[in-house]
Amino acid sequence: MTPSAESAPLRVITSGAFAAALAELLPLYRAESGCEVELSFGSSLGKAHDSIPTRLSQGERFDLYFLARAALDDLTARGFVRTGSGVDLVESHIGAMVRSEDPAPDITTTAAFRATLLNARSVAHAASASGIYLSTEVFPALGIAEQMKRTARTIYSERVGRVVARGEADLGFQQISEILPIEGVKVIGRLPPEFRRPFHFCMGIGAGCSREEEARRLMRFAASQAAAPVIRATGLDPLFPEIP
């Protein structure tokens, strides 16, 4: 028998930056609300086979989305997310990583960061917001876009940290909240101040969601003081938006 809309789990998808926090928060939410949630994962941007844009193009739909602000605005404009439902939930920063046993190169200044990038034999970055920012803005601003084409690569459908941990890249970049859960790597710092851009990750209700109040209840929980310790422990800064 097919479950009714009321008894079926709330369908939620999150991009990588909020994935660790949401995986920890959902058991707490279920215990408090009794609401079952089916959680899926995919990058906010890009054409990977499991990215959120790709899954939507293949006909999948979700009740609630957690993803980067640029991606949420795009999905809203394209009719996948309900207009006016999106709110900024957390602030996130890009971090650099190396293997746990490797010495930490200097990235504290722009000059040191540039030298570290040029000296790395291989650099890995994400296919989503952080990697797009590095490849389209940071590398050109440093004047090393052509050199990085030879040593930098985009990682699809896998955490960059796993690639670095296996020794397949000397240096990796991703949102700090996506690095911290990976064994075998260590965060060596944020980008230099000149390039340190906070990314806002948001939540928004699916355009076809028939259970808006349930979706808003989960949004309120994610934005609450009760959720803040988990969010901070996973490398993010909560913004505490008001959810009507």
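Read on for an overview of the structure.

Reading the values: rules and limits
Residues numbered from 1 in each chain as written. Predicted model: local features only at pLDDT ≥ 70, side-chain atom pairs only at ≥ 80, totals over all residues. Heavy atoms only, no water. Axes fitted to C-alpha atoms, helices over the stretch in contact; angles between N-to-C directions. Helix = DSSP H or I, 4+ residues; strand = E, 2+ residues; numbered from the N terminus. Parallel < 35°, antiparallel > 145°, perpendicular 65-115°, else oblique. Left-handed = near helix turned anticlockwise from the far one by under 90°. Contact = heavy atoms within 4.5 Å. Nonpolar A, V, L, I, M, F, W, Y, C, P; charged D, E, K, R; others polar. Buried < 20%, exposed > 50% of the residue type's maximum accessible area, 1.4 Å probe, protein only. Pairing = 2+ DSSP bridges. Expected span 1.5 Å × (residues − 1).

**What to know about the packing of helix H1 (residues 19–33) against helix H9 (residues 212–222)**
Packed helix pairs are characterised by how far apart their axes lie and by the angle those axes make with each other.
So, point 1. Closest axis-to-axis distance for the H1/H9 pair is 11 Å, and the angle between their directions is 120°. In terms of orientation, H1 lies oblique with respect to H9. Between H1 and H9 the crossing geometry is right-handed. Seen from H1, the contacting residues are Leu25, Leu26, Leu28, Tyr29, Glu32 and Ser33; seen from H9, they are Glu214, Arg217, Leu218 and Phe221.
So, point 2. Considering only residue class, the contact of H1 with H9 consists of 6 nonpolar, 1 polar and 3 charged.

**Structural notes on the pairing of strand S8 (residues 171–175)**
So, point 1. S8 sits mainly inside the fold: 5 of its 5 residues count as buried.
So, point 2. With 4 bridges connecting them, strand S5 (residues 94–99) and S8 associate as antiparallel partners. Bridge pairing in S8 links methionine 97 to glycine 172.
So, point 3. Bridge count between strand S6 (residues 123–126) and S8: 3 bridges; the pairing is parallel. Across the sheet, the residue bridging to alanine 124 is glycine 172, located in S8.

**A closer look at the sheet that holds S5**
So, point 1. One open sheet holds the 5 strands; their spatial order is S7-S6-S8-S5-S9, and the pairing between them is mixed. At either end of the open sheet lies a strand with only one pairing partner, and these are strand S7 (152–155) and strand S9 (185–190). Strand-to-strand, the axes of this sheet are offset by a mean angle of 30°, without reference to chain direction.
So, point 2. As defined by bridge partners, S5 adjoins S9 across 5 bridges and the pair is classed as antiparallel. The residue of S9 that forms the bridge with arginine 99 is valine 185.

**Remarks on helix H5 (residues 129–142)**
So, point 1. The first and last C-alpha atoms of H5 sit 19 Å apart over 14 residues, in line with the 20 Å expected at 1.5 Å per residue.
So, point 2. Among the residues making up H5, those that are buried are Ala129, Ser130, Gly131, Tyr133, Leu134, Val138, Phe139 and Leu142.
So, point 3. One or two steps after H5, the chain reaches glycine 143, where phi turns positive at roughly 75°.

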